[in-house]
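Chain by chain, the residues run as shown.
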Amino acid sequence: MNQYFNINLEFDHDVIHHRIRKAIESKKKGYVCVVDGNVLTISQKDKNYQDILNSSFINTCDGSSIAWLSGIIHKKKLKALNGPEIFEYYIEKKYKQLLLGSTESVIEEIKQTLKNKGVSNSHLLYLPLPFLSVKDFNYKDIACSINALKPEIIWVSLGAPKQEIFMSNILSYLNSGIMFGIGAAFNFYIGKIRLPQSKLGSFRFIWVSRILREPKKQLKRIIPYILMLPKLYFQEKRKCYRIAKTLNKLY
């Protein structure tokens, strides 16, 4: 993975899926962060959170605007791979999968959605989590329950930044399993939130549907991200300039 805006990000979809598949087959453990505008904004203000993201197994970009800006600066064609796409891609595969967090009714809707698609849901497991601050979870006990189930994939639906901190905290207690911090992907999959059908170039405007559903919550996340974009752009441009200058000296 290369660093963009101080975060390790992989934009090659084939590389992402290859590494995840190999990790599952090897029964490794680790976590995958899905970096959207909110996650990126928090990471620029909180070094500990930034370190959590950069300690992940792999990170994917969940934001067409992030991919577009990165591509402009680095002169590359980059494409986002968002959380709902990742969830839909893997949830219908026959890996043993654990749904962690959310509510029992949402889990039942996921199982029903699979059934409606003609896909068995027998590979799905569910473990509820108590409604606690991220520092108050009993990670050792939760990990014991997870280890007993032996899932290959663990979907963590707690919202950012809570889910990324949760995955980092519980990792050392797990025997195996690839965790995904997946945010609202459960609700996208069952149709409670819909992915926009229209797009402009590579821009999907997923945030529009999120604002319409949760205006207060989403505007609090999106406005700081928009305000930070100029700073992100110039910082990344300066970094590229410094790297190019160093390389010129070497060669």
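As the structure is a prediction and not an experimental result, all values here were calculated from the model. (Residues numbered from 1 in each chain as written. Predicted model: local features only at pLDDT ≥ 70, side-chain atom pairs only at ≥ 80, totals over all residues. Heavy atoms only, no water.)

1. Remarks on the environment of alanine 80
- Relative to the assigned elements, alanine 80 resides in the loop between helix H4 (64–74) and helix H5 (83–91).
- In sequence terms alanine 80 and valine 34 are 46 residues apart; their C-alpha atoms lie 9.9 Å from each other.
- Look past the residues within four positions of alanine 80 in its chain and what remains in contact with it is His13, Cys61, Gly63, Ser64, Ala67 and Glu85. (Helix = DSSP H or I, 4+ residues; strand = E, 2+ residues; numbered from the N terminus. Contact = heavy atoms within 4.5 Å.)

2. Quick notes on the side chain of serine 43
- Its location among the elements puts serine 43 in helix H2 (residues 37–45).
- The class of serine 43 is buried, set by a relative accessible area of 0%.
- Other than its neighbours up to four places away in sequence, serine 43 contacts Ile7, Tyr49, Gln50 and Leu53. (Buried < 20%, exposed > 50% of the residue type's maximum accessible area, 1.4 Å probe, protein only.)

3. Things to note about the packing of helix H7 (residues 139–149) against helix H8 (residues 162–170)
- Contact geometry of H7 with H8 gives a least axis separation of 10 Å together with a crossing angle of 80 degrees. Considered as vectors, H7 and H8 are oriented roughly perpendicular to each other. Of the residues in H8, those touching H7 at Tyr139, Ile142, Ala143 and Ile146 are Phe166, Asn169 and Ile170.
- Residues of the contact of H7 with H8, tallied by class, amount to six nonpolar, one polar and no charged. (Axes fitted to C-alpha atoms, helices over the stretch in contact; angles between N-to-C directions. Parallel < 35°, antiparallel > 145°, perpendicular 65-115°, else oblique. Nonpolar A, V, L, I, M, F, W, Y, C, P; charged D, E, K, R; others polar.)

4. With respect to the side chain of glutamine 97
- Topologically, glutamine 97 is positioned in strand S5 (residues 97–101).
- Given a relative accessible area of 0%, glutamine 97 falls into the buried group.
- Among all residues touching glutamine 97, those that are not within four sequence positions of it are Tyr90, Ile91, His123, Leu124, Leu125, Ile153 and Trp155.

5. Quick word on the packing of aromatic side chains
- Summed over all chains, the structure comprises eleven aromatic pairs.
- Between the aromatic rings of phenylalanine 87 and phenylalanine 186, the centroid separation amounts to 5.2 Å while the plane-to-plane angle is 45 degrees, which identifies the pairing as tilted. Note that phenylalanine 87 is positioned in helix H5 and phenylalanine 186 in helix H9 (residues 185–189), a separation of 99 residues in sequence.
- Classification of phenylalanine 87 by relative accessible area gives buried; the value is 0%.
- Owing to a relative accessible area of 2%, phenylalanine 186 belongs among the buried residues under this scheme. (Phe/Tyr/Trp six-rings, centres within 6.5 Å; stacked < 30°, edge-to-face > 60°.)

6. Observations concerning the nonpolar core
- Of all hydrophobic cores here, the largest spans 41 residues; its most connected members are Leu100, Ile146, Phe166 and Ile170.
- The residues touching phenylalanine 166, leaving out its near neighbours within four places in the chain, are Leu100, Leu129, Val134, Phe137, Tyr139, Ile142, Val156 and Leu158.
- With 30 residues, the next largest nonpolar core counts Val32, Val34, Tyr95 and Leu99 among its residues. (Core = buried A, V, L, I, M, F, W, Y, C linked by side-chain atoms within 4.5 Å.)

7. Observations concerning the pattern of salt bridges
- According to the stated counting rule, one finds six salt bridges in the structure shown.
- Ionic pairing is found between glutamate 88 and lysine 117, a salt bridge with its closest N-O pair at 3.1 Å. Note that glutamate 88 is positioned in helix H5 and lysine 117 in the loop between helix H6 (104–116) and strand S6 (124–127), a separation of 29 residues in sequence.
- Judged by relative accessible area, glutamate 88 falls into the partly exposed class, the value being 37%.
- Judged by its relative accessible area of 41%, lysine 117 falls in the partly exposed class.
- For lysine 135, the salt bridge identified is with aspartate 136, shortest N-O distance 3.6 Å.
- Residue classification places lysine 135 among the exposed residues on the basis of a relative accessible area of 66%.
- Put simply, Glu88, Glu92 and Lys117 are held in one network by salt bridges that share partners. (Salt bridge = Lys/Arg side-chain N within 4 Å of Asp/Glu carboxyl O.)

8. Looking at the environment of leucine 114
- With respect to the helices and strands, the residue leucine 114 is situated in helix H6.
- Sequence separation of leucine 114 and glutamate 92 is 22 residues, and the distance between their C-alpha atoms is 7.1 Å.
- Apart from the residues within four sequence positions on either side, leucine 114 is in contact with Ile91, Glu92, Val119, Ser120, Asn121, His123, Leu124 and Tyr189.

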